[in-house]
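# Remarks on the overall topology
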Amino acid sequence: MEVLGKNKEKIGIHCLLAALYFLALPLTITINSAGDSFLKIITLPIAAFLLVTLFFYKGSLELNFVHGFFVVYILSVVVTLFADNTQQAQDYVIGYIQNTALMFCISLRRYNEREIEFFKNTQVILLAVLIYMGLFGGASYADRTTIEIFGGVSDPNYFSGFFVFPIAVCLDKIKKNKQRALCLVLMLLGIYVVLLSGSRGGLLAVIATLLAHILFSAKDFKNFVLTMCLFVIAAVLFWMLILPVLPENITERFSIQAVVESRGTYRGDIWISMLREIGNSTWQLFVGRGIDAKHMMIIAGKMQEVVAHNNFIQVLYNQGFFGLLSFMAICLASFARNLRKRTYISVGVIGMLTLTLTLTLNPSIKSFWNLMIYASFAFASAAPEMDCQEGENTREISAGSCEENAETRK
C-alpha cells in the first residue's frame, strides 16, 4: 500500500503502520483481563510485519548512536536481574527489551521526506485527540482532569507527558508556517488541558519545551531577546485569562504555598532519603538494586514503599552508575543528533527530560520511548527531482541512490 504525493515521494505501508502505533499512544493506559495493554495488543502484529519485511528491505539498515546507546542501556537493565530476579522484575526487563525491538523494527529503514512529515502530522492528530478526550471525556483522577479508556484511567502526571512532543511538533510547524493557525490553536488548547490535569511537572515540561524552542530557533541574540520578551508577555496574558476559569483545586495546586506545604507531594523527602541510601551503598552503587526496586521510608507517619518521582535518582537507585550513565548517553545522543536538522525532536527531549525530574519512567511510559524512536530515524533525503546536483561531468543524487556519467546520460 502506497500513497503518492505531489513530489512523487511515496508513503509506504511501513510508515502507515508505524504512524498507527504512534497514534494509539493513549491505549497504553488500559489493560485486558490477561494484564496486557491494548496498545501492546495492537503493537504485536505491527511489529511482526515490520520485522519480517526488514528481511526483504532493499536499502541499507540505518544504525546510529541512538541505537547503540539504547543497546547499552538495555544491558544495564538486564544486569539488574543479578540483584533482583523476581517475576515482576523479569516482566519489566522483558518490557524494556520489547521497547528496544520495536524501536529497531520501526527505525532501521530510511523514510523519505514526505513520510517524515507524515510522522509529524501524526503527532498533531494525536494532540487533537488528547485535547478532545481531556476536555470532553469527563474523566478525573483525584479531582484532576485526565483520560479514561475502557475503564482504565491515566495518572494526570503521565497524561500530561503525552502532550510534550506533540506541542514541540506544533511549535516547529508554526515556525515554518505550516498549518500555523491550526497548530497554534491546538498548542494553546493542549497547554490548557495540561493545566486542568493539575500536573506541576507537566506544566514545567511544557514551559521547558517552549523555552527550548525559543532558544534553539533564535537566529541571533537580538532575535532571542525579542522572542523571549514576547513569550513572557504572552505567558502573563495567557495566565491572567486562564487562571480565573480553572477549578479552585487546580489553582491551589499551582500555588507556591501548596508546593511548599506538601514539599512537592513529599518528593523532596523521598529524594533525600533515597540519595542517602545510595550514598551508603556498596556493590549496589554499580549494578543497582533491581529494575523494579522500591524504597522503604516513613511518609506522613506510615512506612511505605515509594518510587523516586525522579527518573535520574530512580535509575541510579535501581541500575547503579552503569544504568545512569547509559540513560544519560541515550538522552544526549538523541538531543545532539537532531539539534541542527530536526530541532523539534531535541526540543521534545528537553521537555520530556524536564518531566522526568518529577516522574519515574518504566517500560509503559511510551511518550518517552516513542520520542527515542523518532530521534533514531535516519535523516530523510529529498525527492530525486529536487535533490540532484549536476556538475560538469556527473549528476549525483545526494541520497546516494545513483551516479551517472554525463557523457553517457541520454
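Note that the coordinates shown come from a computational prediction; the quantities given were computed from them, not determined experimentally.

### So, the overall build of the protein
For the protein, the count of helices and strands is 18 helices and eleven strands. By the burial criterion, 49% of the 410 residues in the protein qualify as buried. In the protein, the proportion of contacts linking residues at least 24 apart, taken out of those at least 6 apart, comes to 71%. When the accessible surface of the protein is split by element, carbon and sulfur atoms take 64% of a total near 20,500 Å².

### Structural notes on the pattern of salt bridges
The tally for this structure, following the rule as stated, stands at nine salt bridges. Its salt-bridge partner being Glu117, residue Lys120 comes within 3.9 Å of it at the nearest N-O pair. Here Glu117 and Lys120 lie together in helix H5 (residues 113-136), a separation of three residues that amounts to about one turn. In this structure, the salt-bridge partner of Lys173 is Glu117, at a minimum N-O distance of 2.7 Å. Linking Lys173 in helix H7 (residues 164-175) with Glu117 in helix H5, this pair joins segments that are 56 residues apart in sequence. Under the relative-accessibility criterion, Lys173 is labelled buried at 1%. Linked through salt bridges whose partners overlap, the residues forming this network are Glu117, Lys120, Asp172, Lys173, Lys176 and Lys178.

### A few points about H5
When the terminal C-alpha atoms of H5 are compared, their 35 Å separation across 24 residues agrees well with the 34 Å that a helix rising 1.5 Å per residue should span. Residue Asn112 occupies the N-cap position of H5, its side-chain oxygen lying 3.0 Å from the main-chain nitrogen of Arg114. The positive-phi residue at the C-terminal boundary of H5 is Gly138, with phi of around 75°.

### Examining the confidence of the model for the protein
Considering every residue of the protein, the mean pLDDT works out to 86; 89% of them sit at 70 or more. In this model, residues 383-410 is a region of pLDDT below 50 whose contacts with residues beyond four sequence positions or in other chains number 34 contacts.

### Some details on empty space enclosed by the protein
Inspection of every chain in the model, using the stated rule, returns three cavities of 30 Å³ or more. Looking at the largest cavity, its volume works out to about 90 Å³. If you trace the largest cavity, you find 13 residues lining it, with Leu25, Gln123, Phe165, Ser367 and Asn370 closest to the centre. No other element matches the five residues that helix H17 (residues 366-376) contributes to the lining of the largest cavity. Within the lining of the largest cavity, the residues separate by chemical class into eight nonpolar, four polar and one charged.

### Overview of the side chain of Ser376
Tracing the sequence through the fold places Ser376 in helix H17. Overall, Ser376 belongs to the buried group, its relative accessible area being 0%. There is a polar contact of 3.2 Å between the side chain of Ser376 and the side chain of Ser107. The contact partners of Ser376, leaving out residues within four places of it in the chain, are Asn64, Val66, His67, Met103, Ser107 and Arg337.

### What to know about the pairing of strand E7 (residues 295-299)
Side chains of E7 alternate between two faces, with His295, Met297 and Ile299 buried and Met296 and Ile298 left unburied. Inspection of the sheet shows E7 paired to strand E8 (residues 302-306) by five bridges, in the antiparallel sense. The partner of Ile299 across the bridge, within E8, is Lys302. Two successive antiparallel strands, E7 and E8, enclose a turn made up of two residues, where Ala300 displays a positive phi of approximately 55°.

### Description of the packing of aromatic side chains
With the rule as written, the count across this model stands at 25 aromatic pairs. Seen in terms of ring centroids, Phe70 and Trp369 are 5.8 Å apart; in terms of plane orientation they differ by 80°. Their pairing is edge-to-face. Here the residue Phe70 occupies a position in helix H3 (residues 65-79), and Trp369 occupies one in helix H17, the gap between them amounting to 299 residues. Ring centres of Phe312 and Phe327 lie 5.6 Å apart, and the angle between their planes is 75°; on these two criteria the pair is classed as edge-to-face. You can call Phe312 partly exposed: its relative accessible area is 23%. Judged by relative accessible area, which is 1%, Phe327 ranks as buried.

### Concerning H3
Between its first and last C-alpha, H3 extends 21 Å over 15 residues, near the 21 Å set by a 1.5 Å rise per residue. What H3 keeps buried is the set Val66, His67, Phe70, Tyr73, Ile74, Ser76 and Val77. Along its buried surface, H3 packs onto helix H4 (87-107), helix H15 (311-338) and H17. For H3, the N-terminal capping position is held by Asn64, with its side-chain oxygen 3.0 Å away from the main-chain nitrogen of Val66.

### So, a nonpolar patch on the surface
Together, Phe65, Phe69, Val71, Val72, Leu75 and Phe322 give the surface a local cluster of nonpolar side chains, amounting to about 540 Å² of exposed area. The dominant element in the nonpolar patch, judged by the number of residues it contributes, is H3, at five residues. If you trace the backbone, Val72 turns up in helix H3. Owing to a relative accessible area of 31%, Val72 belongs among the partly exposed residues under this scheme.

### Let's talk about the side chain of Thr122
Position of Thr122 among the secondary structure elements: in helix H5. Overall, Thr122 belongs to the buried group, its relative accessible area being 4%.

### So, the packing of helix H8 (residues 180-197) against helix H9 (residues 200-217)
The packing of two helices is summarised by the inter-axis angle and the distance between the axes. Taken N-terminus to C-terminus, the directions of H8 and H9 make an angle of 155°; their axes are 9 Å apart at the nearest point. Here H8 is positioned roughly antiparallel relative to H9, judged by the angle of their axes. The chirality of how H8 crosses H9 is left-handed. In this structure, H8 uses Met187, Ile191, Val194 and Leu195 to contact H9, whose residues at the interface are Gly202, Leu203, Val206 and Leu210.

Cut-offs and rules
Residue numbers here run from 1 along each chain, matching the order of that chain's written sequence. At least 70 in pLDDT is required for a residue's local features to be given in this predicted model, at least 80 for side-chain atom pairs to be given and counted, and no such filter applies to totals for whole chains, interfaces and linings, which use all residues. As a convention, hydrogens and water are excluded, and side-chain values are obtained from all of the structure's heavy atoms. In this description a helix means any DSSP run of H or I spanning at least four residues, a strand means any run of E spanning at least two, and both kinds are numbered starting from the N terminus. Buried residues are those whose accessible area, probed at 1.4 Å on protein chains only, stays under 20% of the maximum for their type, while exposed residues exceed 50% and partly exposed ones sit between those limits. A contact between two residues is defined here by any heavy atoms of the two lying within 4.5 Å. Accessible surface area values rest on a Shrake-Rupley calculation with a 1.4 Å probe, where residue burial reflects the displayed protein chains alone. In what follows, salt bridge is the name for a side-chain nitrogen of Lys or Arg lying within 4 Å of a carboxyl oxygen of Asp or Glu. To estimate the expected span of a helix, count its residues, drop one, and scale the result by 1.5 Å. Under the rule applied, a polar contact is a pair of N or O atoms within 3.5 Å (in protein, one hydrogen donor and one hydrogen acceptor; residues adjacent in sequence only if both atoms are side-chain atoms). The predictor reports its confidence for every residue as pLDDT, a score running from 0 up to 100. The rule is simple: put a 1 Å grid over the protein atoms alone, call a set of points where a 1.4 Å probe fits but cannot get out a cavity, call an open set with protein on both sides within 12 Å along at least five of seven lines a pocket, and count a residue as lining if it has an atom within 4 Å of a point. Grid points are joined across faces, edges and corners, and a volume is the space filled by probe spheres set on the points. Ten residues, namely Ala, Val, Leu, Ile, Met, Phe, Trp, Tyr, Cys and Pro, are considered nonpolar, four, namely Asp, Glu, Lys and Arg, are considered charged, and the remaining ones, Gly among them, are considered polar. Two strands pair under a simple rule: DSSP has to find at least two bridges between them. When the centres of two rings from Phe, Tyr and Trp lie within 6.5 Å, Trp using its six-membered ring, the rings pair. Their planes under 30 degrees apart give stacked, over 60 give edge-to-face, and anything left gives tilted. Nonpolar side chains (Val, Leu, Ile, Met, Phe, Trp, Tyr) are joined into patches within 5 Å and like charges within 9 Å, using only residues with over 30% relative accessible area and no salt bridge. Here an angle of 0 to 180 degrees is reported between the N-to-C directions of two axes, which are lines fitted to C-alpha atoms, with helices fitted over the stretch in contact. Any angle from 65 to 115 degrees is called roughly perpendicular, while one under 35 is roughly parallel, one over 145 is roughly antiparallel, and all others are oblique. Left-handed is the label given to a crossing in which the near helix is rotated counterclockwise from the far helix by less than a right angle, and right-handed is the label when the rotation is clockwise.

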